[in-house]
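Geometric and topological summary
Listed below, chain by chain, are the residues.
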Amino acid sequence: MARPRIIVIIGPTASGKSALAVRLATKFNGEIISADSRQVYKGLDIGTGKITKNEMQSIPHHCINIANPKKIFTVDEYRIVSEKIITDIYARGKIPIIVGGTGFYIDAVLYGATYPQTPPDWALREKLEKQQTQTLLKTLEKLDTHRASTIDPNNRRRIIRAIEIIKSIGWMPALIKKHRFDALILGIKTNPVLLRKKISRRLDGWVKAGLISEVKNLHKNQKLSWGRLEEIGLDYKYVALHLQGKMTLKETIARTDTEIWHYAKRQLTYFKKMEQVHWITSTREAEKLIKDFL
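Here the residue numbers are simple positions, counted from 1 along each chain's written sequence. Totals for whole chains, interfaces and linings use all residues, but because this is a predicted model, local features are given only for residues with pLDDT of at least 70 and pairs of side-chain atoms are given and counted only at 80 or more. Only hydrogens and water are set aside when side-chain values are computed; all heavy atoms of the structure are taken into account.

Concerning the pairing of strand S2 (residues 30-34)
- Among the five residues of S2, five are classified as buried, and the element is accordingly described as predominantly covered.
- Here the term buried applies to any residue with accessible area under 20% of the maximum for its type, exposed to any over 50%, and partly exposed to those in between, with areas from a 1.4 Å probe on protein chains only. The helix and strand labels rest on DSSP assignments: H or I over at least four residues marks a helix, E over at least two residues marks a strand, and numbering proceeds from the N terminus. Going residue by residue along S2, you find Gly-30, Ile-32 and Ser-34 tucked away on one face and Glu-31 and Ile-33 tucked away on the opposite face as well.
- Where S2 and strand S3 (residues 61-62) come together, two bridges link them in parallel fashion. Counterpart to Ile-32 in the pairing with S3 is His-61. Strand pairing follows a simple DSSP-based rule, namely that at least 2 bridges must link the two strands.

Quick word on unusual backbone geometry
- The backbone of Ala-14 sits at a positive phi, close to 70 degrees, despite the residue not being glycine.
- Its location among the elements puts Ala-14 in the loop between strand S1 (5-10) and helix H1 (17-28).
- Judged by its relative accessible area of 17%, Ala-14 falls in the buried class.
- Although it is not a glycine, Lys-223 adopts a positive phi angle of roughly 65 degrees.
- Tracing the backbone through its elements, the reader meets Lys-223 in the loop between helix H10 (211-220) and helix H11 (226-232).
- With relative accessibility at 57%, the residue Lys-223 sits in the exposed group.

A few points about the pattern of salt bridges
- Salt bridge, as applied in this entry: a Lys or Arg side-chain nitrogen positioned within 4 Å of an Asp or Glu carboxyl oxygen. Within this structure, the stated rule accounts for 16 salt bridges.
- Two residues, Asp-76 and Arg-79, come together in a salt bridge whose shortest N-O distance is 3.4 Å. On the criterion of helical spacing, the pair formed by Asp-76 and Arg-79 is a turn pair, its members being three residues apart in helix H3 (residues 75-91).
- Note that Arg-196 is salt-bridged to Asp-257, the shortest N-O span being 2.8 Å.

Written out as structure tokens, the structure reads:
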């Protein structure tokens, strides 16, 4: 039996993935599935660059606003939800288009890839929770350089979980890649200088659009703790620190800008190790590849 055909669009943050996906979905009768580990959460709109209703141009978008930000939405949950959506889209004669920057979400869909279900080591977790995030990251680097290079350095939960797995079974196992779909993977090739400028301009736009108010509302009205906001990472972390009086607004913007840039570079590191990626520089290239693929 032939495997379902899907299109995957990857690239670093601010590279134009969402806009490209909408254009391609319009042309090739597709529906879009977001692969973004923060856009799954309700209320995290401005700081995740979540696509607006107008920008969707009537193209159905899935896996956005499906989770309560108070609770951790796991990669296993994402895999289960996205699989059902892909099946439904395909059954209706449309093309599933997965778009996003969370590499492990994409691996989970393409290969069913998840890390082993090792039981929690509560004693180890309690010990690690007392350490600063940078210290935890250095520990992970000593244990597994590759995993440390691809993990979100602000996500304490994931860093601790990675250390926990390695301590439990002795290593961080490589993902077993069993191709579950016939996938065309398109990677957006970016110019580092231009990407850096795009990130800065977009962040300025987010601040003007009300990023500070969004975080304030998440804490005050949606009852997200400061700790949870900091755990979500990047702009939410530093705006939360600013609202607690621990950073000036100027410091917050500068630090966030730097962290998003570092995050983009980690995304590229991850994507460059993925197999069978067609790196493109234009919509025309993408369209030709899709026509040949379909």
